[in-house]
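# Structural description and commentary
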Amino acid sequence: MVSPPTRYLVFFQYLGTKYSGVMGTSNDQSTVGVQNYLEKAAENLKAIVPIKFHISSRTDTGVHALCNSAHLDIQKAPGKPAFKEKQLVYSLNYHLRPEPIRILNAYQVANTFHARFCALSRTYVYRLLMGCAHHSEIPVFERDLCWAPAGGYLNVPAMQDAAQFLLGTHDFSTFRSLNSETPFQSPVRTILQVDIQPSSGFLSHHYEHRGLEFWELTFRSRAFLYRQVRRMVGALVAVGQGKLTPRHIKELLEIKDSRAFPSNAMAPPSGLFLKSVEYNEADLNATVAPGE
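Keep in mind it's a predicted model, so treat the numbers as computed, not measured.

Taken together, the buried positions of helix α3 (residues 156-163) are occupied by Val156, Ala158, Met159, Ala162 and Ala163. Buried residues of α3 fall within an arc of 155 degrees about the axis and therefore sit on the same side. Elements in contact with the buried residues of α3: β5 (121-130), β7 (188-199), β8 (213-221), α4 (228-240) and α5 (246-255). The distance from a side-chain oxygen at the start of α3 to the backbone nitrogen of Ala158 is 3.1 Å, and the residue carrying that oxygen is Asn155.

With that out of the way, let us pick up the environment of Gln185. In this structure, Gln185 sits in the loop between β6 (168-171) and β7. Counting along the chain gives 81 residues from Gln185 to Met266, while the straight-line C-alpha distance between them is 21 Å. Other than its neighbours up to four places away in sequence, Gln185 contacts Arg176 and Leu225.

Core analysis: the biggest nonpolar cluster contains 76 residues, and Phe12, Phe53, Leu166, Phe175 and Phe219 have the highest contact counts within it. Leu166 has contacts with Phe172, Phe175, Ile191, Val194, Phe219, Met232, Leu236, Ile249 and Leu253, leaving out every residue within four places of it along the chain. One finds Leu129, Cys132, Cys146 and Leu212 within the second-largest nonpolar core, a separate group that totals seven residues.

According to UniProt, the feature "active site" (unreviewed entry) maps to Asp60 in the numbering used here. In this view, Asp60 contacts Ser20, Gly21, Tyr226, Arg227 and Arg230; residues no more than four positions away in its chain are not counted.

Next up on the list: helix α2 (residues 85-95). Every buried residue of α2 is accounted for by Leu88, Val89, Leu92 and Asn93. Viewed end-on, α2 has its buried residues packed into an arc of 120 degrees, placing them on one side of the element. Exposed side chains of α2 directed beyond 90 degrees from the buried face belong to Lys86 and Tyr90.

Take the environment of His54 next. Note on placement: His54 falls in strand β2 (residues 54-55). Using a relative accessible area of 29% as the deciding quantity, one classes His54 as partly exposed. Taking the C-alpha atoms as reference points, His54 and Gln87, separated by 33 residues in sequence, lie 20 Å from one another. In this structure His54 touches Ser69, Ala70, His71 and Ala115, once residues within four positions along its chain are discounted.

There is about 890 Å³ of room inside the largest pocket. Looking at the largest pocket, it is lined by 34 residues, and the ones nearest its centre are Ser57, Arg58, Thr59, Glu181 and Phe224. When residues of the lining of the largest pocket are traced back to their parent elements, those giving at least two are β2, β5 and α4. No other element matches the three residues that α4 contributes to the lining of the largest pocket. Split by residue class, the lining of the largest pocket holds twelve nonpolar, 13 polar and nine charged. Approximately 360 Å³ is the volume found for the second largest pocket.

Thresholds, definitions, all that
Residues numbered from 1 in each chain as written. Predicted model: local features only at pLDDT ≥ 70, side-chain atom pairs only at ≥ 80, totals over all residues. Heavy atoms only, no water. Buried < 20%, exposed > 50% of the residue type's maximum accessible area, 1.4 Å probe, protein only. Helix = DSSP H or I, 4+ residues; strand = E, 2+ residues; numbered from the N terminus. Arc of directions from axis to C-beta. Contact = heavy atoms within 4.5 Å. Polar contact = N/O pair within 3.5 Å; in protein donor to acceptor, adjacent residues only side chain to side chain. Core = buried A, V, L, I, M, F, W, Y, C linked by side-chain atoms within 4.5 Å. UniProt positions renumbered as here; feature names shortened; annotations may be inferred. 1 Å grid on protein atoms, 1.4 Å probe; cavity = no way out; pocket = protein on both sides within 12 Å on 5 of 7 lines; lining within 4 Å. Points joined across faces, edges and corners; volume = space filled by probe spheres on them. Nonpolar A, V, L, I, M, F, W, Y, C, P; charged D, E, K, R; others polar.

The structure is reproduced here in structure tokens:
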């Protein structure tokens, strides 16, 4: 008798620079997604049914993840025990070694659990670098990991004032890029957190004399629209540069039209990190009965 598959939730991180995004693509493309490498590694687990990773949170080309998540079902051959959680982490990481992708944790979950739909919220962090008169001044260790907007320093208090208009429930039509899902997706989202805080760069205490400043913009919501975070960051940076006023953010929200978004204002992908996907602890710590 074939035993039912065992469902796991895995948390994983990656540097997104070399990938087409987190979602899988056809293998004949020049660049493929993180999912392609995850599923290639999973082929070595010797499951009797091909393993598919159901990703919780999509990220674009060049966007990174400190922690993304996915669920997967593993059906072992008759008589073979299910993977222990640590064993699954070590096995996948062994076969991911050449790639900047790492499995962080695994949890056995109920077969009704879904990585995307059971998520309570998602948190993104965007890294800004201020004080660079030219992009060639970005430290080599920060390449593709932050955005240094032109013009040097930004008016952070004005950006913080503007960010308050984004908090709460709004129609974010102006702050989304259009894609194939747009007609089927409500533009209403609830932003639970917006923070702009000073941060640090990699070994930046060794070059404090250069006067560079690192800042992090943090956004938390149950779900975001396509490229919403990058558009919000770009608009806030435009406020910091004096191209927009804080009140302009409110006006952009009220227009509810993606075409009203300032041209060339969207932040690049390189500074964006999916920081975390939050779940109910009870879902992760549930005792799963065999075959559940």
